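# Summary of structural features
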Amino acid sequence: MNKQYYVNGEWKSSMDFAELQSPHTKEVIAHIPQASREEVEQAIEVADGARIEVATLTAYERAAILEHIARLFIDNRQKAAEIISLEAAKPIKYALGEIDRTIETYKFAAEEAKRLTGELIPMDAAKNGANRFGYTIEEPLGVIGAITPFNFPQNLVAHKVGPAIAAGNTIVLKPASQTPLSALFLAELIDQTALPKGAFNVITGSGRTVGDALVESDKVKMITFTGSPAVGIGIRNKAGLKKVALELGSNAGLIIDKGVDLSDIVPKCVMGAFSNQGQVCISLQRAYVMDDVFEEFLERFTVSTKQLVIGSPVEETTDISAMIHPNEQERAVNWVNEAVEQGAEIVVGGSIDNGVFMPTILTNVSPTLKVSCQEVFAPIVIVNRITSIEEGIAAINDSNYGLQAGIFTNDIQTAFTASKQLEVGGVMINDIPTYRVDQMPYGGVKESGTGKEGLKYAIHEMTETKLVVWNNN
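Fair warning: this is a prediction, and the values are worked out from it, not measured in the lab. (Residues numbered from 1 in each chain as written. Predicted model: local features only at pLDDT ≥ 70, side-chain atom pairs only at ≥ 80, totals over all residues. Heavy atoms only, no water.)

### Some thoughts on the overall build of the protein
Going by this rule: Numbering of helices and strands runs from the N terminus; a helix is a DSSP stretch of H or I covering at least four residues, while a strand is a stretch of E covering at least two. Radius of gyration means the value over C-alpha atoms here, while the globule rule gives 2.2 Å times the residue count to the 0.38 power. Relative accessibility under 20% of the residue-type maximum defines a buried residue, over 50% an exposed one, and the middle range a partly exposed one, all with a 1.4 Å probe and only protein chains included. Only heavy atoms matter for contacts: two residues are in contact if any of them lie within 4.5 Å across the pair. Accessibility throughout is a Shrake-Rupley quantity obtained with a 1.4 Å probe, and a residue counts as covered only by protein chains that appear here.
When you go through the protein residue by residue, the secondary structure sums to 15 helices and 24 strands. Taking 23 Å as the expected radius of gyration for a compact globule of 473 residues, we find that the protein reaches 23 Å, a close match to that expectation. Over its C-alpha atoms, taken along the principal directions, the protein stretches across nearly 70 × 65 × 40 Å. In the protein, which comprises 473 residues, the share counted as buried stands at 56%. Long-range contacts, defined here as pairs at least 24 residues apart, represent 72% of the contacts in the protein between residues at least 6 apart. Carbon and sulfur atoms form 49% of the exposed surface of the protein, whose accessible area is close to 19,500 Å².

Quick look at the structure:
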């Protein structure tokens, strides 16, 4: 079936289409329009034309629209999850969990829409400030260009669309080529709300055509992007003076101290390493385990990993299904083989079985190998032995990335030391680095990006602070 893209509250066809295949069955599930540069520019014009109407919506009206989106997701929870499973091969139980988080995200956005305030400035704190009254207001930027990835095709979209609406901006959304159906379904839902026509637009097509048009347009005032560092850096270099928020890659690390209770830790590590086939920005990729508990942890972790259910994403019992594309599965195999050639040991997995790359544990892995120093974005985790917490901290910091890290320890001083010394955007004490709730500030350092997600923080990124000073003399 041929799909249409969504601009100015209307469904529009394109001259060109691309086949969309199910990652699991390899069947063609839709034909997706491939927008031309001219069609993208038309969508930008529409969004620019709607910006004044959207900016004048009251906080109450913006919140009501966001609350309506959340209710529509509640009403369509199963359908929205099934679309994710179909186009991304995400096991249905995790897809349902994503929709639950999406609902929360829009609810948080609605709440924050009512809290968008400036501050009073004590002008008379300065020698020349007497008899002056100052305050700031937060104004919307205008058109937001949102470019989103495949791995959370509703929730990561919500982290861009929600704050944009809350702040009074308009949006042109370019979803990932593998997961456009979720974005188009969102358009169906938003079409039922009171959001002015033209405020939300979905353009499908190639990253080069759609993405470049968004980045290069003078009418687009901000680009918010989640994806690879190479693409993100390219966007930053082309964006000129427009705002840019980048949520890029990671190879999240975890330290496990001696004396901790592994019975609670191991299930969390299995979830953190292998949920959504490891295709999560903060997926647990590197575990550094103190020598005293290394053997026990590795044994428990291996046993639990072998118990994961491999199968179709539509089955409720499935834990692991196909990765997003066969090429990505082959890449994962090649990275594992390279590691083995350089002395790493496969504890479990490392191969493709019935079209699924199996969950993989490696140990004795050199820090220079791809599975360690690059973002693997696959169900692969390395488990290496350490003899001190300092060694673990140094290993995690020995990376071009710095999104989140975790540490399990019973020692409060060790926890404080790790929280200060780990070079990341977020430190999880007694939890895996994969932990995230949607209102918290989320963003990294180094090649993990710039800017913060989390509704309050993203809204601030999507507004401009204006100062007003009254001279009462």
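### Digging into the pattern of salt bridges
For clarity, the cut-off: Salt bridges are defined as contacts in which a side-chain nitrogen from Lys or Arg sits within 4 Å of a carboxyl oxygen from Asp or Glu.
Across all of its chains, the model carries 22 salt bridges by this definition. Between Arg77 and Asp100 there is a salt bridge; the shortest N-O distance is 2.7 Å. Of this pair, Arg77 sits in helix α3 (residues 77-88) while Asp100 sits in helix α4 (residues 92-113), placing them 23 residues apart in sequence. By relative accessible area, which is 31% here, Arg77 ends up partly exposed. You can call Asp100 partly exposed: its relative accessible area is 33%. One salt-bridge network, held together by shared partners, links Arg37, Glu41 and Glu216.

### Things to note about helix α8 (residues 229-238)
Residues separated by three or four positions in an α-helix point in the same direction, a consequence of the helix having 3.6 residues per turn. Heads up, the rule is: Directions from the helix axis toward the C-beta atoms define the arc.
Among all positions in α8, only Pro229, Gly232 and Ile235 are buried. Buried residues in α8, looked at end-on, bunch into an arc of 120°, giving them a common side. Opposite the packed face of α8, turned more than 90 degrees from it, sit the exposed residues Ala230 and Asn237. Packing partners of the buried residues in α8 comprise β7 (143-147), α7 (207-216), β10 (220-226), β11 (243-247) and β19 (401-402).

### Regarding the environment of Thr179
Along the chain, the position of Thr179 falls in the loop between β8 (170-174) and α6 (180-190). Look at Thr179 and you get buried, because its relative accessible area is 1%. Note: C-alpha distance between Thr179 and Phe152 (27 residues apart in sequence) is 9.0 Å. Those residues within four positions of Thr179 in sequence are excluded, and the remaining contacts are Glu87, Ala88, Pro149, Phe150 and Pro153.

### Focus: empty space enclosed by the protein
Rolling a probe over the atoms, with the probe sized like a water molecule, indicates the empty space that remains. Heads up, the rule is: Space inside and on the surface of the protein is sampled on a 1 Å grid over the protein atoms alone, with a cavity defined as a set of points where a 1.4 Å probe fits but cannot get out and a pocket as an open set with protein on both sides within 12 Å along at least 5 of 7 lines; lining residues have an atom within 4 Å of a point. Grid points are joined across faces, edges and corners, and a volume is the space filled by probe spheres set on the points.
Evaluated as defined, the whole model comprises 4 cavities of 30 Å³ or more. By volume, the largest cavity amounts to about 130 Å³. In terms of lining residues, the largest cavity is bounded by 19 residues, among which Thr224, Ala245, Gly451, Lys452 and Glu453 are the most central. At the level of secondary structure, the elements contributing two or more residues to the lining of the largest cavity comprise α5 (155-167), β10, β11 and α15 (455-461).

### Topic: the packing of aromatic side chains
To describe a pair of aromatic rings, you give the distance between the ring centres and the angle between the ring planes. Put simply, the rule reads: Pairing of aromatic side chains requires ring centres within 6.5 Å, counting the rings of Phe and Tyr and the six-membered ring of Trp. Pairs whose planes differ by under 30 degrees are stacked, by over 60 edge-to-face, and all others tilted.
Here the structure, examined in full by the defined rule, presents 7 aromatic pairs. Each ring, one from Tyr6 and one from Phe200, has its centre 6.4 Å from the other, and the planes form 45°; the classification is tilted. Within this pair, whereas Tyr6 is found in strand β1 (residues 5-7), its partner Phe200 is found in strand β9 (residues 200-202), the two being separated by 194 residues in sequence. With relative accessibility at 2%, the residue Phe200 sits in the buried group. Pairing Phe274 with Phe301 gives two aromatic rings, centres 6.0 Å apart and planes at 15°, and the pair type is stacked. Pair noted here: Phe274 is in helix α9 (residues 262-274) and Phe301 is in helix α10 (residues 291-306), with a separation of 27 residues, a long-range link. Phe301 carries the same exposure label as Phe274, and that label is buried.

### Details of the sheet that holds strand β5 (residues 120-121)
Strand pairing in a sheet relies on backbone hydrogen bonds. The paired strands run either parallel or antiparallel. Defined as follows: Two strands are said to pair when DSSP picks up at least two bridges between them.
Read from one edge of the open sheet, 3 strands run β5-β6-β24, paired in antiparallel fashion. Either end of the sheet is taken by a strand with one partner, and the two such strands are β5 and β24 (463-471). Pairing analysis gives 9 bridges linking strand β6 (residues 132-140) to β24, with the strands arranged antiparallel. Along β24, the bridge assignment pairs Glu139 with Glu464.

All we've got here are geometric facts, nothing functional implied.
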